[in-house]
Amino acid sequence: MRLGIDFGTCYSFPAVVINGEPRSLLSMKTNNGNRGIPSVFYFDRRNGEMVGVKAEAYGNRNPECVVTNVKSELPNGTEYELDGVHYGAADICSRIIAKITSEANEQLETEFREHTVYEAVLSVPVRFGDKERTLLRKAAEVSRLDGGAGLTIKNFIQEPVAAAIDYGEMINTADQVLVYDLGGGTFDVALVIPTPFEEQPYRVVDFDGTEIGGKDFDEKFAVYLQGVFMRDCQIDLSRDARSRHDLLMAARKAKEELSDDTRTDVEVQFDGLFYDVSVSREEFEEATHDLITDTMEITSKLVERNNLVGSEHLHVVMVGGSSFMPQVKKGLQTILGEETKVHLHRPDKAIAFGAARFAANDNLVLQLAPFSYGTNTYAGDVEKIANMVLSKTPLPTPVVKHEFETLIDGQTSVLFGVYQNDGRDEYEDIDAGVKLMDITLGFSAPVPRGTPVYVEMSLGDDGILLIKAVDPATGSYETASINVVRMD
Ligand SMILES: Nc1ncnc2c1ncn2[C@@H]1O[C@H](COP(=O)(O)OP(=O)(O)OP(=O)(O)O)[C@@H](O)[C@H]1O
Ligand SMILES: [Mg+2]
């Protein structure tokens, strides 16, 4: 048995498939209105470390000892100092993952009488590449659970793909499923289609995403509200850390209220006095217009390149807490036409449920190459990446060969760097890539400049990138491989 874990920027959700059905593994303690376990960490010397609901509560009283949105900071390796103690973003992720896992195991035992589970599938934003996946995998591995063991991440699945699978399995459709997932830290979109094959019932068709989430709406709205409080109450809520924290919390609360009501009151405390102002949904939408527009542009491009406008065989589902904002549905309806049905599907737990379904069956979905991959080369003086596997190509990708020549006289070997990148062109800028590894091809004797060599590359449906560097003169070669989807 394996867990499915949606490790979110704001909330995390563990789930498992039991008797073919996905089940939530939130305990009564941390159920938190079913939103998930807050991905919040708190530390002070007197009270120690805390994660979840309790951390959130302590953090409201003592904002300098709390860390929120750590998932967004993981790729940057942000360092925190809490009450004089240093934590890295990965340490904090590790503690949050440990908490989710131990909650899940507690629930497995008390509700389902199952044994402790040390393996999981983790859902990730579509833009999480090798580096982010490796950091998460390591954070999970060092998260010591009750038995002293860490959590082994057996596989990853893109968040909107997980949600699409959960939806597809629940309503059992033969139609394409478009998922718009606006969470706390990232926006992700995917198009998934059921296949006629029992072996692999879903196939990913397309995906995209960007680093926009609910926290950005909070920040933009907070800036707007600061101006309103300044104008109407003559108080400056940007004055100190405490006021800024309270303002951000108030902005988030008002944002959520404005999903249900067209007007709301925002109250803050400043120098021991209470102040309040009234704001409308229109004001909120105007202050955050750019953010929603960016997500709609990404969605619109995906819709266009897949000819989805007016399609009768399309289900559009919204997941992620930020999809409660009425402007999301409005925007999607504008892109897809009023006739297309757009609806929410278990916005809090669809991703965890999809991850759990994938955890129970590795073959549930055929994924696409998450990024492009190639090796470095020189075009004149400029170092470039020569791509051989293009992102979004269905797996397994064809074996693509790229020819190179040695650069200087007397070379005894050639060193190729293997790069991950976002672009879909044959040549991409080296700066846009992330180096994954090196592969060296040696010659038996020094060779003249301009000696031809070639590299072949492909990405298998097991997620393994195979690289082969060949010396065509002798037929000798060197191979390397790396698991870029991170299956075991
Ligand atoms: N009713 C609502 N109206 C507007 N926003 C809401 C509402 N409910 C929740 N949110 C926002 O949704 C976000 C959390 O959503 P969710 O739990 O899906 O994110 P996450 O999974 O933690 O993040 P991510 O998937 O980006 O890593 C928060 O920014 C929260 O303020
Ligand atoms: Mg999410």
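Numbers given for residues are sequential positions, taken from 1 along each chain in its written order. Chains and ligands are labelled by the order in which they are written, letters from A for the one and numbers from 1 for the other. Predicted model: local features are reported for residues with pLDDT of at least 70 only, side-chain atom pairs are reported and counted for 80 or more only, and whole-chain, interface and lining totals are derived from all residues.

Caption draft 1: Local environment of the overall build of the protein chain. Within the protein chain one finds eleven helices and 28 strands. Every radius of gyration here is taken over C-alpha atoms, with the globule rule written as 2.2 Å times N^0.38, N being the number of residues. Its C-alpha atoms give the protein chain a radius of gyration of 25 Å, near enough to 23 Å, the size a compact globule of 488 residues would have. Projected onto its principal axes, the C-alpha positions of the protein chain cover 80 × 55 × 50 Å. Working definition of a contact: two residues with C-beta atoms, positioned from the backbone, lying within 7 Å. Taking as baseline every contact in the protein chain between residues at least 6 positions apart, the subset at least 24 positions apart corresponds to 67%. Numbering goes from the N terminus for both helices and strands, where a helix is a DSSP run of H or I of at least four residues and a strand is a run of E of at least two.

Caption draft 2: Examining helix 10 (residues 326–336) more closely. Whether a residue is buried, exposed or partly exposed follows from its count of other C-beta atoms within 10 Å of its own C-beta, namely 20 or more, 12 or fewer, or something in between, respectively; the C-beta atoms are built from the backbone. Among all positions of helix 10, only Q327, V328, G331, L332, I335 and L336 are buried. Along the axis of helix 10, the buried residues cluster in a sector spanning 155 degrees; they form a single face. Lining the buried residues of helix 10 we find strand 12 (176–182), helix 8 (281–287), helix 9 (289–305), strand 17 (314–319) and strand 18 (342–344). Note: the arc covers the axis-to-C-beta directions of the helix.

Caption draft 3: Examining the site of ligand 1 more closely. Around ligand 1, 22 residues are found, and the nearest of them are G8, G183, G214, S259 and G321. At the level of secondary structure, the elements contributing two or more residues to the shell around ligand 1 comprise helix 6 (214–233) and helix 7 (241–260). The biggest single contributor to the shell around ligand 1 is helix 7, with four residues. Among the residues making up the shell around ligand 1, the classes are represented as four nonpolar, twelve polar and six charged. We call a residue near a molecule or strand when its C-beta atom, built from the backbone, sits within 6 Å of it. Basically, the charged four are Asp, Glu, Lys and Arg, the nonpolar ten are Ala, Val, Leu, Ile, Met, Phe, Trp, Tyr, Cys and Pro, and anything else, Gly included, counts as polar.

Caption draft 4: Local environment of the pairing of strand 2 (residues 11–18). Counted residue by residue, strand 2 has seven buried out of eight residues, so it is predominantly covered. Bridge count for strand 1 (residues 3–7) against strand 2 is four bridges, and the pairing is antiparallel. Residue pairing across strands places G4 opposite A15, the latter belonging to strand 2. Following strand 1, the chain reverses through three residues before pairing antiparallel with strand 2. Relative to strand 4 (residues 37–38), strand 2 runs antiparallel, the two sharing two bridges. Only strands joined by at least two bridges in the DSSP assignment are considered to pair.

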